[in-house]
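Next come the chains, spelled out residue by residue.
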Amino acid sequence: MNVEVGFYGVGMLLLLLLLRVPVALAMIAVSFGGIASLLGIRPALGIVTSTPYSFVASWTMSAVPMFLLMGFVAFHAGLTASLFGAAKAILWRVPGGLAISSIFACTGFATVSGSSIACAAAMGRIAIPEMVAAGYRPSFAAGSIAAGGTIGALIPPSILMIIYGVFAETSITQVFIGGIGVGLLTALFYCLVVLGFWWLRPDVVPRNSAGTFGEAGGLPAILRIWPLAILVVLVFGGLFSGYFTATEAGAVGAGGAILLSLVTGKLTTHVLRTSLLETLTTCASLFIIGIGASMFTRFLGITGLSGFIGSMVAGSELGYVELMSIIVLIYLVLGMFMEPFGAMLVTLPVLLPLLKAEGISLVWFGVFVVKMLEIGMITPPVGLNVFVIRNVASNYVTVVQIFRGIVPFLLADILVVAVVIAFPGIILSLPLLLQ
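Here is what the cut-offs are and how they apply
- Residues numbered from 1 in each chain as written.
- Predicted model: local features only at pLDDT ≥ 70, side-chain atom pairs only at ≥ 80, totals over all residues.
- Heavy atoms only, no water.
- UniProt positions renumbered as here; feature names shortened; annotations may be inferred.
- Core = buried A, V, L, I, M, F, W, Y, C linked by side-chain atoms within 4.5 Å.
- Buried < 20%, exposed > 50% of the residue type's maximum accessible area, 1.4 Å probe, protein only.
- Domains from an automatic or database assignment.
- Contact = heavy atoms within 4.5 Å.
- Buried area = accessible area lost by both parts, 1.4 Å probe.
- Salt bridge = Lys/Arg side-chain N within 4 Å of Asp/Glu carboxyl O.
- Polar contact = N/O pair within 3.5 Å; in protein donor to acceptor, adjacent residues only side chain to side chain.
- Helix = DSSP H or I, 4+ residues; strand = E, 2+ residues; numbered from the N terminus.
- Nonpolar A, V, L, I, M, F, W, Y, C, P; charged D, E, K, R; others polar.
- Axes fitted to C-alpha atoms, helices over the stretch in contact; angles between N-to-C directions.
- Parallel < 35°, antiparallel > 145°, perpendicular 65-115°, else oblique.
- Left-handed = near helix turned anticlockwise from the far one by under 90°.
- Patch = residues over 30% accessible without salt bridge, like charges linked within 9 Å, V, L, I, M, F, W, Y side chains within 5 Å.
- Areas by Shrake-Rupley, 256 points an atom, 1.4 Å probe, with all protein chains shown as cover.

As annotated in an unreviewed UniProt entry, the protein is TRAP transporter large permease protein from Pseudorhizobium flavum. Under the heading Subcellular location (unreviewed entry), UniProt records this for the protein: "Cell inner membrane". Per UniProt, the protein has the following entry under Subunit (unreviewed entry): "The complex comprises the extracytoplasmic solute receptor protein and the two transmembrane proteins."

Asks: So what about the nonpolar core? Which residues, and what values?
Replies: Membership of the largest hydrophobic core comes to 149 residues, with the highest contact counts inside it found for V64, F365 and F368. When residues are assigned to domains, this core turns out to be shared by domain 1 (1-57 + 286-303) and domain 2 (61-267 + 306-434), each giving three or more. The residues contacting F365, other than those within four sequence positions of it, are Y164, I327, Y331, L348, L351 and L355.

Asks: Give me the lowdown on the domain arrangement of the protein, citing residues and values where you can.
Replies: Partitioning the protein into structural domains gives domain 1 (1-57 + 286-303) and domain 2 (61-267 + 306-434). Taken together, the 18 residues of domain 1 in the interface contact 17 residues of domain 2. Taking both sides of the interface into account, the surface hidden between domain 1 and domain 2 amounts to around 1,400 Å²; carbon and sulfur atoms contribute 85%. When the buried surface of domain 1 facing domain 2 is broken down by residue, F55, L286 and L300 rank first, second and third, together holding 32% of it. Put simply, domain 1 and domain 2 have 0 salt bridges between them. Counting every contact that joins domain 1 to domain 2 gives 0 residue pairs in polar contact (both at pLDDT 80 or more). Listed by contribution, the elements that provide at least two residues to the side of domain 1 that touches domain 2 are α1 (2-18), α2 (23-39), α3 (41-56) and α14 (269-303). If you tally residues by element for the side of domain 1 that touches domain 2, the top one is α14, at 9 residues. Residues of the side of domain 1 that touches domain 2, tallied by class, amount to 14 nonpolar, 3 polar and 1 charged.

Asks: Give a detailed account of the side chain of T247, specifying residues and quantitative values.
Replies: Topologically, T247 is positioned in helix α13 (residues 246-263). In this structure T247 touches W59, T60, S62 and A63, once residues within four positions along its chain are discounted.

Asks: Could you give me a rundown of the packing of helix α10 (residues 172-200) against helix α20 (residues 399-422), with the residues and numbers involved?
Replies: Axis angle and axis distance: for two packed helices, these are the angle between their axes and the distance between the axes, and together they describe the pair. Running from N to C, α10 and α20 cross one another at 140°; their axes reach a closest spacing of 9 Å. The pairing of α10 with α20 is recorded here as oblique in orientation. In the crossing of α10 with α20, the sense of the turn from one axis to the other is right-handed. Touching V182, L185, T186, F189, Y190, V193, V194 and F197 of α10 are P408, F409, A412, D413, L415, V416, V419 and V420, all from α20. When its residues are assigned to classes, the contact of α10 with α20 shows 14 nonpolar, 1 polar and 1 charged.

Asks: Just give me the short version of a nonpolar patch on the surface, but keep the residues and values in it.
Replies: A cluster of nonpolar residues, W226, I230, L259, L262 and V263, forms a patch on the protein surface that exposes about 520 Å² of accessible area. Those elements giving two or more residues to the nonpolar patch turn out to be α12 (226-240) and α13. If one sorts the elements of the nonpolar patch by residue count, α13 sits on top with 3 residues. The residue V263 is located in helix α13 in this model. Its relative accessible area of 56% is what places V263 among the exposed residues.

Asks: Go over unusual backbone geometry, please, and point to the residues and values.
Replies: Of note, the amide linkage connecting P156 to P157 takes the cis form, showing an omega dihedral of 5°. Phi is positive for E169, close to 55°, though the residue is something other than glycine. With respect to the helices, strands and loops of the structure, E169 is situated in the loop between α9 (159-168) and α10.

Rendered as structure tokens:
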């Protein structure tokens, strides 16, 4: 009977989501109603009052506002503005150099910001006008930036990975390290897409070069990234050497971003106030979703639904490839309609027990699920990165044109997912090496 209540709860949650009820409120309402129907109103009220504190007052969760503050300060103080210029100067001889430079600039931006939206917005403002002026087809230029922005959540620090690590009770540092391989692999596949169009479709990616090293910006453009380089070495040197925990690395990163902004003369009252406000509002939205997911996990645990589904899948004798294909399909569908945090936290209570039963590494799955969620950031009809690019490049492209430009990069993403499923060591080898 309890399992039936669990199925009813999942069905009600899906119905509320289809009705566009916010994810957090939908999970809290379903969890409260389900627990009240099974145990009574007093236990349900007890869980409602205890869960917010037990979730938010976690030492590990304190890494979220710290890494967010680091990213927002670096962005608003202009520490990341030089990334595209530096990448352009370094890659001035490479075919399709502007597009490839934008992809590598996104990768660099990802080292100080765990947000793909912020990454796409920052690079879109800088790179798209220059790419269009150089003869790139606007849809392809916009598509490359929207896709490149997804690397923002794969290269640490990643807010999605921190939230995942808390829920999965696995090492956030190991998930961070595993994400580097997939982030770089994604960047490589995106660059191959650009090179393919440069070779086959010069009407899309022009064959003209930047001219000379000096015209591309030269050594001064490369040297301008020194504050960001110091910040990255400080945070990740301490994190990956084991000197910092993920939480301590976030605090050091936030303090380092503020100090470097002060040293470069770019820290103003407006920058600090804006960064703090955006950190607070982002944390509030993330934490309320996390509270709802924590309550939903308790509800499913009480009903026994997670264990029932795990037993059912084990009895069906699904192979590794079949199981992962089903999970890929689930996240592709959810990515079309839900934002990443909601999609992840709605599914983890059901999938985590199943993955444990099947012996699948939770570190590997953490990186894998973030990759799947980021694909959802560029899939229609609710590809958030696409609408961000539309806002910053409205003079050049429409939403439909951006989605058309996204297609080759989406195909590259599917290949990356297939490679990661076939070769788990791409994710696991580096964490094992540094363990």
